[in-house]
Amino acid sequence: MMTTYLSIIRNCKVAQRWSFSHATRCALSPSPSFWNCKRLMVRRLCTDIPTEDRNYYITTPIFYVNAAPHIGHLYSAVTADFLHRYKLLQGFNSRFVTGTDEHGLKIQQAANAAGQDPLSFCTKVSERFKYLFKSCHISYTDYIRTTEERHRCAVEHFWTVLQSKGFIYKGNYEGWYSTQDESFLTPSQVGDAKDSSGKEIKISLESGHKVEWMKEENYMFRLSEFRSRLQEWLEGNPRAVQPERFHRAVLQWLQEDLPDLSVSRQRSRLQWGIPVPGDLDQTIYVWLDALVNYLTVAGYPDSHSQWWRAAHHVVGKDILKFHAIYWPAFLLAADLPLPQTIHVHSHWTVGGKKMSKSLGNVVDPLERSQRFTIDGMRYFLLRQGVPDTDCDYDDDKVVKLLNAELTDSLGGLLNRCTAPSLNPAQVYPHFCSDSFPSQGTVAHKGRAVDEDYHMLDAVRALPAVVEQHYDSVQVYKALEAINRCVRQTNGFVQRHTPWKLVSGDGRDQLWLDTILHVSLECLRMYGTLLQPIVPEIADKLLYRLGVKPVEKSWAALDFLVKYQGKDCPFEGRALGPDTGVLFNRLERPNAEKGKHKKAKKATKVKS
Ligand code: MSP
């Protein structure tokens with residue numbers, strides 16, 4: 001069986017499929033053979049994958065610098081950061097890039113409005129994004145700005161390749177353009193609306209942004225030639241765009257009108273951009289310029305394939321068409337491989353509405369991460385963010401969720417199980433197999449009950465379940481599963497009231513130690529699995545358990561080995577020092593307001 005497994009796992013893709021389906025089957029129906037099959041279902045560690053396949057290249061969209069970052073931008077970045085940290089834990093050689101999109105009409109206009117020269121304007125806002133990302137522990141390995149020289153070289157080269165292959169021609173574009181989206185639209189994508197002064201305007205039906213009629217001579221890309229190749233790519237790679245509803249949406253778009261794409265603007269209208277090589281009267285279209293950033297960081301036009309062929313993009317739903325139609329078409333035209341995956345996420349609304357300056361509902365991610373802590377914000381966004389559907393942001397929801405899941409449930413469990421009153425020696429206690437005998441091999445009855453065995457099954461299956469959801473970037477489902485297990489572990493402790501065993505006889509002490517051992521093993525699983533989501537909290541938790549840095553990888557997700565009759569490296573080891581509660585309880589904003597109101601009322605009554 002082991003030999004078969006090893007030969008299977010040699011092929012990364014097959015191993016991935018095997019791991020998903022087998023793991024899930026096991027997880028759904030634990031059976032006596034469950035412990036054995038779980039043993040084989042080693043998390044997909046990189047050591048099993050040929051070196052050349054160990055690279056993983058993750059990108060965020062590059063952010064427009066026309067306005068300050070908001071919570072939606074942080075969500076894109078946190079999602080990609082989670083994926084990067086997760087891949088590193090699995091042993092991949094992961095690279096993670098983010099940055100800013102600085103060219104185009106929108107930025108040119110924003111700089112003009114601010115009375116600044118475009119580059120200084122871009123530098124200021126780009127620094128704000130960088131500061132936000134550093135502050136929120138976005139562990140990027142490269143930060144790109146499209147105004148950099150390395151990027152100009154890559155874009156010029158890319159353009160020249162497309163042109164030399166005959167995919168770019170000079171033509172006349174006439175049609176709708178949205179500066180806000182930097183996007184060309186077909187008549188069917190445009191609708192009627194009124195602006196704030198009641199004037200009739202045309203808008204993009206998708207984004208709601210104003211569009212204008214534009215007519216100019218510029219360069220066109222033969223997008224219409226790529227329809228069938230794009231369809232083949234998507235049909236042959238059902239996981240290329242995830243979640244599935246977005247994959248279906250792209251296939252649907254490909255059945256509609258797919259006209260050639262204008263890929264330049266007249267320099268007289270747009271100066272803030274990269275000039276078309278050999279034609280200084282034209283500026284390269286900002287989306288072509290921006291998309292090439294992914295290649296720039298991979299090393300293009302020099303050696304780039306080791307990273308480029310391992311590319312995974314994280315993008316918001318509003319920019320799917322650019323990433324799943326234009327970008328692959330450009331790449332096909334340039335004879336370059338297509339991205340491995342495009343992970344799409346939905347948007348955050350506030351009060352059920354799109355965030356906008358005019359509505360005054362823009363949520364500042366820096367201020368919120370100072371108020372709710374960095375890990376608190378990261379946890380909330382990934383726990384509540386559902387890639388398929390939009391989510392509504394609400395401060396009160398943040399407080400309730402974090403207090404319930406991080407302070408009470410997880411923090412409470414750690415606190416209980418490491419309390420000096422239960423564990424005066426402050427060591428990882430011993431597991432006694434007489435108290436908690438293996439199911440099916442019970443010679444005499446221990447003290448564990450059926451629910452305890454169910455809890456063990458659930459925690460044992462958890463890494464595979466989490467891995468499946470992490471791989472498809474359905475993080476909220478993974479966190480839901482972790483939380484279910486945390487609740488079960490709390491239930492286990494509650495059921496056996498270890499505090500009542502403290503002054504009991506020797507058998508009670510063995511059972512008490514076993515309860516604590518099992519609970520700490522559960523906590524060790526949760527801490528390890530949570531590292532990509534809440535790195536600081538997970539470190540604090542694992543440190544308290546005495547887990548060494550080398551024991552934090554995915555390879556260490558071996559749960560309760562004593563139950564299988566093996567030696568446990570943690571048993572008898574000193575716990576780490578107590579560095580305080582895992583996550584401090586947060587005040588509810590409404591409760592604060594309530595307190596305030598009551599205080600005011602009281603003052604009124606007095607006077
Ligand atoms: N510059 C382009 C991307 C070019 S990539 C080659 C762009 N920039 S953006 O600043 O407008 O958006 C960056 C990311 O933030 C996108 O993934 C977008 O979907 C995301 N979000 C913008 N508003 C958002 C929400 N309200 N909610 C969640 N994500 C949102 O598009």
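Residues numbered from 1 in each chain as written. Predicted model: local features only at pLDDT ≥ 70, side-chain atom pairs only at ≥ 80, totals over all residues. Heavy atoms only, no water.

The name recorded for the chain in an unreviewed UniProt entry is Methionine--tRNA ligase, mitochondrial, from Oncorhynchus kisutch. Recorded in UniProt under Subcellular location (unreviewed entry), the annotation for the chain is "Mitochondrion matrix". Among the UniProt annotations of the chain, the heading Catalytic activity (unreviewed entry) holds the following wording: "tRNA(Met) + L-methionine + ATP = L-methionyl-tRNA(Met) + AMP + diphosphate". (UniProt positions renumbered as here; feature names shortened; annotations may be inferred.)

S.K.: When you look at the overall build of the chain in this model, what are you seeing that I'm missing?
M.R.: Helices and strands together make up the secondary structure of the chain, namely 21 helices and 19 strands. Here the chain, with 607 residues, has 57% of them falling under the buried criterion. Restricting the contact set of the chain to residue pairs at least 6 apart, pairs at least 24 apart contribute 77%. A total of about 26100 Å² of accessible surface is found on the chain, and carbon and sulfur atoms cover 52% of it. (Helix = DSSP H or I, 4+ residues; strand = E, 2+ residues; numbered from the N terminus. Buried < 20%, exposed > 50% of the residue type's maximum accessible area, 1.4 Å probe, protein only. Contact = heavy atoms within 4.5 Å. Areas by Shrake-Rupley, 256 points an atom, 1.4 Å probe, with all protein chains shown as cover.)

S.K.: Can you help me understand the packing of helix α9 (residues 244-253) against helix α13 (residues 320-333) in this one?
M.R.: The description of two packed helices rests on the angle between their axes and on the distance between the axes. The interhelical angle for the contact between α9 and α13, taken along N-to-C directions, is 55 degrees, at an axis separation of 11 Å. Between α9 and α13, the angle falls in the class oblique. Taken as a pair, α9 and α13 cross one another with a handedness that is right-handed. Residues F246, V250 and W253 of α9 lie in contact with α13, whose contacting residues are L320, K321, A324 and I325. Across the contact of α9 with α13, the residue classes tally to six nonpolar, no polar and one charged. (Axes fitted to C-alpha atoms, helices over the stretch in contact; angles between N-to-C directions. Parallel < 35°, antiparallel > 145°, perpendicular 65-115°, else oblique. Left-handed = near helix turned anticlockwise from the far one by under 90°. Nonpolar A, V, L, I, M, F, W, Y, C, P; charged D, E, K, R; others polar.)

S.K.: Got a minute to help me understand empty space enclosed by the protein in this structure?
M.R.: Regions of empty space are outlined by a rolling probe, equal in size to a water molecule, passed over the atoms. Counting across every chain of the model gives two cavities of 30 Å³ or more. Taken as a whole, the largest cavity spans an internal volume of roughly 80 Å³. Lining the largest cavity are Y75, T79, V314, H343, V344, H345, L381, L382, G385, P387, V473 and V475. Listed by contribution, the elements that provide at least two residues to the lining of the largest cavity are α4 (71-89), β16 (341-345) and α15 (374-384). Per-element accounting of the lining of the largest cavity gives the leading share, three residues, to β16. By residue class, the composition of the lining of the largest cavity is eight nonpolar, four polar and no charged. Approximately 50 Å³ is the volume found for the second largest cavity. Lining the second largest cavity, in full, are Y379, E405, L406, L410, L479, I482, N483, V486 and L530. Mapped onto the lining of the second largest cavity, the elements with two or more residues apiece are α16 (395-418) and α18 (475-496). (1 Å grid on protein atoms, 1.4 Å probe; cavity = no way out; pocket = protein on both sides within 12 Å on 5 of 7 lines; lining within 4 Å. Points joined across faces, edges and corners; volume = space filled by probe spheres on them.)

S.K.: Just to check I follow, could you spell out the site of the ligand for this structure?
M.R.: Close contacts around the ligand come from 24 residues, with I62, D101, G316, D318 and W348 the closest. H73 is positioned such that a nitrogen or oxygen atom in its side chain is 3.5 Å from an oxygen atom of the ligand. With respect to the ligand, the side chain of D101 contributes an N or O atom lying 2.7 Å from a nitrogen atom. Within the complex, 93% of the 660 Å² of free accessible area of the ligand lies under protein. At the level of elements, β2 (63-64), α4, α10 (286-291), α11 (293-298) and β15 (311-316) are the ones that each hand at least two residues to the shell around the ligand. Residue composition of the shell around the ligand, by class: twelve nonpolar, ten polar and two charged. (Near = heavy atom within 4 Å. Polar contact = N/O pair within 3.5 Å; in protein donor to acceptor, adjacent residues only side chain to side chain.)

S.K.: For this particular structure, what's the right way to read the sheet that holds strand β12 (residues 264-266)?
M.R.: Paired through their backbone hydrogen bonds, the strands of a sheet run either parallel or antiparallel. Strands sit in the order β12-β14-β13 across an open sheet of three strands; the sheet is antiparallel. Strand pairing shows two members of the sheet lacking a second neighbour, β12 and β13 (275-276), which therefore form its edges. Sheet topology places β12 next to strand β14 (residues 279-284); three bridges connect them, and they run antiparallel. Bridge pairing in β14 places Q266 opposite Q282. (Pairing = 2+ DSSP bridges.)

S.K.: Explain the nonpolar core to me, please; I cannot follow it from the model alone.
M.R.: The nonpolar side chains of a soluble globular protein tend to be buried with one another. F158, F221, F330, Y470 and Y526 are the most contacted members of the largest nonpolar core, which has 181 residues in total. Here the element with the most residues in this core is helix α19 (residues 506-530); it accounts for twelve residues. Once residues lying within four places of it in the same chain are set aside, the contact partners of Y526 are L410, L413, V459, L462, I482, C485, V486 and T489. (Core = buried A, V, L, I, M, F, W, Y, C linked by side-chain atoms within 4.5 Å.)

S.K.: Before we go on, may I ask you to explain the sheet that holds strand β9 (residues 212-221) in this structure?
M.R.: Ordered in space as β6-β5-β9-β11, the four strands form an open sheet in which the pairing is antiparallel. Unpaired on one side and paired on the other, β6 (183-185) and β11 (261-262) mark the two borders of the sheet. Pairing of strand β5 (residues 168-178) with β6, which is carried by three bridges, proceeds in the antiparallel orientation. Across the sheet, the residue bridging to W176 is L185, located in β6.

S.K.: Looking at this model, I keep getting lost on the pattern of salt bridges. Mind explaining?
M.R.: Opposite charge on two side chains allows them to pair when their charged atoms are near. Applying the stated criterion to the full structure yields 34 salt bridges. Put simply, R265 and E216 hold a salt bridge, and the shortest N to O gap is 3.1 Å. Within this pair, whereas R265 is found in strand β12, its partner E216 is found in strand β9, the two being separated by 49 residues in sequence. By relative accessible area, R265 is classed as buried at 6%. E367 is the salt-bridge partner of R371, the closest N and O atoms lying 3.2 Å from each other. With R371 and E367 both in helix α14 (residues 365-372) and four residues apart, the pair spans about one turn of that helix. Using a relative accessible area of 37% as the deciding quantity, one classes R371 as partly exposed. Connected via shared salt-bridge partners are R95, D142, E148 and R150. (Salt bridge = Lys/Arg side-chain N within 4 Å of Asp/Glu carboxyl O.)

S.K.: Honestly, the environment of Y131 in this entry has me stumped. Any pointers?
M.R.: In this structure, Y131 sits in helix α6 (residues 118-135). Taking the C-alpha atoms as reference points, Y131 and L366, separated by 235 residues in sequence, lie 9.1 Å from one another.

S.K.: I keep staring at the pairing of β14 and nothing clicks. Help me out?
M.R.: On a regular strand, each side chain points to the face opposite its neighbour's, so the side chains alternate between the two faces of the sheet. The sheet contact formed by β13 and β14 spans two bridges and is antiparallel. From the neighbouring strand, V276 faces β14, where its bridge partner is D279. Linking two consecutive strands that pair antiparallel, namely β13 and β14, is a turn of two residues; a positive phi of about 85 degrees is found at G278 within it.

S.K.: In this structure, what is going on with the environment of D53? I would like to understand it.
M.R.: Topologically, D53 is positioned in the loop between α3 (34-40) and β1 (55-59). According to the relative accessible area criterion, D53 is partly exposed, its value standing at 34%. Separated by 254 residues in sequence, D53 and W307 place their C-alpha atoms 9.8 Å apart. Residues contacting D53, with those up to four places away along its chain left out, are F92 and R309.

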